[in-house]
Amino acid sequence: MAKWPYSTQRWQRLRRQKLREYPLCEACLQVGRIEPATVVDHRIAINAGGDPYPPLAELTSLCERCHNAKTRCEQLGEDFMRTAVISLSERQLDIANLRG
Ligand SMILES: [Zn+2]
């Protein structure tokens, strides 16, 4: 299943680093849920022009459930913003980005 860049040592290192610094699901945190993250997701998809090895701030730590919800929406061609949790988290991230 693992394909580039996920099969590379470089990605594995980056993923471990992200999970060490952001051990909790960032989407769940936005709605006050404490859930350990197991997946590191690109904030900007690689096929949308995102850096495959971006800085940690451009990666999102997600739990299995949030990652699945996001992936399912993308596969259905739906705007994943419709998913309540993700929607909320993305809005907050947008606000955070504006502030930054
Ligand atoms: Zn989550």
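Residues numbered from 1 in each chain as written. Predicted model: local features only at pLDDT ≥ 70, side-chain atom pairs only at ≥ 80, totals over all residues.

(A) Structural context of the overall build of the protein. Scanning the protein from terminus to terminus reveals four helices and two strands. The proportion of buried residues among the 100 residues of the protein is 16%. Of all intrachain contacts in the protein linking residues separated by at least 6 positions in sequence, the fraction that spans at least 24 positions is 50%. (Helix = DSSP H or I, 4+ residues; strand = E, 2+ residues; numbered from the N terminus. Buried ≥ 20, exposed ≤ 12 C-beta atoms within 10 Å, placed from the backbone. Contact = placed C-beta atoms within 7 Å.)

(B) Layout of helix H3 (residues 64–75). A rise of 1.5 Å per residue sets the reference length of H3, with its 12 residues, at 16 Å; its end C-alpha atoms lie 16 Å apart and thus fit the reference within 8%. Along H3, the positions that sit buried rather than exposed are Cys66, His67 and Lys70. What you see down the axis of H3 is that its buried residues fit within an arc of 100°, all on one side. Structural note: H3 exposes Asn68, Arg72 and Gln75 on the side pointing more than 90 degrees away from its buried face. One or two residues past the end of H3 sits Gly77, with phi positive at roughly 75°. (Expected span 1.5 Å × (residues − 1). Arc of directions from axis to C-beta.)

(C) Inspection of the environment of Ile46 at higher detail. Counting through the fold element by element, Ile46 comes out in the loop between strand S1 (39–42) and strand S2 (59–62). By the C-beta count within 10 Å, which is 14 here, Ile46 ends up partly exposed. Ile46 sits 41 residues away from Pro5 along the chain, and the two C-alpha atoms are 9.3 Å apart.

(D) Structural view of the nonpolar core. In terms of nonpolar packing, the biggest core is built from six residues, these being Cys25, Ala27, Cys28, Ala37, Leu62 and Cys66. When sequence neighbours within four positions are dropped, the list of residues in contact with Cys25 reads Glu35, Ala37, Ser61, Leu62, Cys63 and Cys66. (Core = buried A, V, L, I, M, F, W, Y, C linked by C-beta atoms within 7 Å.)

(E) Up close: the pairing of S2. In S2, alternate side chains face the same way, and those of Leu59 and Ser61 on one face and Thr60 and Leu62 on the other are all buried. In this structure, S1 lies alongside S2, joined through four bridges in antiparallel fashion. Residue pairing in the sheet places Val40 in a bridge with Ser61 of S2. (Pairing = 2+ DSSP bridges.)

(F) Looking closely at the confidence of the model for the protein. Looking at the protein as a whole, its pLDDT mean stands at 83, while 76% of the residues score no less than 70. For the protein, the element scoring lowest by mean pLDDT is helix H4 (residues 84–99), at 55; helix H1 (residues 9–21) scores highest, at 97. (pLDDT = per-residue confidence, 0-100.)

(G) Representation of unusual backbone geometry. With omega at 0°, the peptide bond leading from Trp4 into Pro5 counts as cis. Tracing the chain through its elements places Pro5 in the segment before H1.

(H) Geometry of the environment of Pro54. By the element assignment, Pro54 lies in the loop between S1 and S2. Residues Pro54 and Leu14, spaced 40 residues apart in sequence, show a C-alpha to C-alpha distance of 8.7 Å. Pro54 has contacts with His42 and Leu59, leaving out every residue within four places of it along the chain.

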